[in-house]
Structures are given as structure tokens and as C-alpha cells.
Amino acid sequence: YDALMAKGLVLQYTGDFPGAAACFRDSLFLLDGTEEPRLLVAGQFNLINCLFDSGCTDAAAGLIADARRLMEKVGMRSDLMHLRWLEARVLAALGQTEEAEQAFLEAWHALTQARIAFDAALVSLDLAALYVRTGRPAQAQRMAREMIPIFQSCEVHQEALAALIV
């Protein structure tokens, strides 16, 4: 399973999301969840993420509840935060904008409280994009203004900050 997980990560980072999803799916069948529960959590999260990124949104949505149950048992708090963020992206893609907004806000608050500033700022970007898509530019602008200091504190390049402001 280690080789499949590693291959899945390489494929994910190179943008071959369907190939990565296949590797993660296959590796999950080989894992013994009692011996390697953290690997099982990581494999499930990566599978859901790759399914989403490859356009298989319904398939990704169908796995979230099982992943949450596993993460609540053996995962870390940050696993649940990141899963909630991924769930928000899935909900937005499915057109469930109210649920997506709630999930983005929950993820943002959790990441902010945990002082995971860069990820919180990225959630803000996703939330701002949702606001733009749903015809709420004033809320998107407010989010952008709130993100700028976070990105500056994370030493994000000036060009990226300029793009954010636009």
C-alpha cells in the first residue's frame, strides 16, 4: 500500500487526479485500518480530494460521511477541519450554496482558532468565490480585505496579493 499511496501522491501533485484517485482507492483496499488508522484517514481524504478534482463530485460527496466518522475516531482535529473545507467545496460544486457557505464558515473559524492562518485564508478565497458566483460582491470584497493581512503575515508574494485585491 505504501507504493500505491506514494504513486497516488505523485499523480495528484502532477495533476493526474483520476490516476491518483485510482491509486488511493486501491491502497485503501490493502490497508489494515486497525494497524494503520492514520494512513486510512489520509488515504480516504486524498481519494475524496482527487475524485472532486477530477470532476467526480457526486462520488466525492458520497464518501464524506464515512471519512468523517473515521476521522472522529482516529483522526486529528486538523483532519476534520480540512475535511469540512473539502466538503464545502463539494457542496458549492453541487449547487448547495447555503450549505457550502455554512461549511466554509465553520472551516474558516476552526482553522482560525487553530492558528492555521494560510489555510484559513485559502478558505476565505473559496468563500469569496462563492459570494461572487451567488451575486454578493460586497461580501466577497469584505472577505478579500480580511485576507490581505493574513497573506501578508504568511509572506505571500506581492504579485499574489495584487491578484487577490483584483
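Note that the structure is predicted; figures quoted are calculated from it, not measured. (Residues numbered from 1 in each chain as written. Predicted model: local features only at pLDDT ≥ 70, side-chain atom pairs only at ≥ 80, totals over all residues. Heavy atoms only, no water.)

Draft legend 1. Main features of the overall build of the protein chain. Secondary structure summary: the protein chain contains nine helices and zero strands in total. Over its C-alpha trace the protein chain gives a radius of gyration of 17 Å, about what one expects of a compact globule, namely 15 Å for 166 residues. Each principal axis of the C-alpha distribution contributes one length, and for the protein chain these read about 50 × 35 × 30 Å. The proportion of buried residues among the 166 residues of the protein chain is 40%. The long-range fraction of contacts in the protein chain, counting pairs at least 24 apart against all pairs at least 6 apart in sequence, stands at 49%. Summing over all exposed atoms, the protein chain offers an accessible surface of approximately 9100 Å²; the carbon and sulfur share of this is 57%. Charged side chains of the protein chain number 14 positive and 21 negative; the gap between the two group centres comes to 5 Å. (Helix = DSSP H or I, 4+ residues; strand = E, 2+ residues; numbered from the N terminus. Rg over C-alpha atoms; globule rule 2.2 N^0.38 Å. Buried < 20%, exposed > 50% of the residue type's maximum accessible area, 1.4 Å probe, protein only. Contact = heavy atoms within 4.5 Å. Areas by Shrake-Rupley, 256 points an atom, 1.4 Å probe, with all protein chains shown as cover. Lys, Arg positive; Asp, Glu negative; His and termini not counted. Charge placed at Lys NZ, Arg CZ, Asp CG, Glu CD.)

Draft legend 2. Summary view of the side chain of Glu 101. In this structure, Glu 101 sits in helix H6 (residues 97–113). Reaching out from Glu 101, the side chain makes a polar contact with the side chain of Tyr 131 at a distance of 3.0 Å. Contacts of Glu 101, omitting those with residues within four sequence positions, involve Leu 127, Leu 130, Tyr 131 and Arg 136. (Polar contact = N/O pair within 3.5 Å; in protein donor to acceptor, adjacent residues only side chain to side chain.)

Draft legend 3. Seen up close, the nonpolar core. Of all hydrophobic cores here, the largest spans 23 residues; its most connected members are Phe 24, Leu 47, Ile 48, Ala 60, Leu 83 and Val 90. Listing elements by their share of this core, those giving two or more residues are helix H1 (2–13), helix H2 (17–30), helix H3 (37–53), helix H4 (57–74) and helix H5 (77–93). The leading source of residues in this core is H3, at seven residues. Leaving out residues up to four positions away in the same chain, Leu 83 has contacts with Phe 45, Ile 48, Ile 64, Ala 67, Arg 68 and Met 71. Residues Trp 85, Ala 103, Ala 110 and Met 147 belong to the second largest nonpolar core, which totals 22 residues. (Core = buried A, V, L, I, M, F, W, Y, C linked by side-chain atoms within 4.5 Å.)

Draft legend 4. Quick look at the pattern of salt bridges. The final tally for this structure, using the stated rule, is seven salt bridges. Here Arg 68 and Glu 87 are joined by a salt bridge, their closest N and O atoms 2.2 Å apart. Remark: Glu 87 occurs in helix H5 and Arg 68 occurs in helix H4; sequence separation between them is 19 residues. By relative accessible area, Arg 68 is classed as partly exposed at 24%. (Salt bridge = Lys/Arg side-chain N within 4 Å of Asp/Glu carboxyl O.)

Draft legend 5. Layout of the confidence of the model for the protein chain. Confidence in the prediction of the protein chain, expressed as mean pLDDT, is 89, and 91% of residues score 70 or more. By mean pLDDT, helix H9 (residues 158–165) is the weakest element of the protein chain at 55, and H5 is the strongest at 97. (pLDDT = per-residue confidence, 0-100.)

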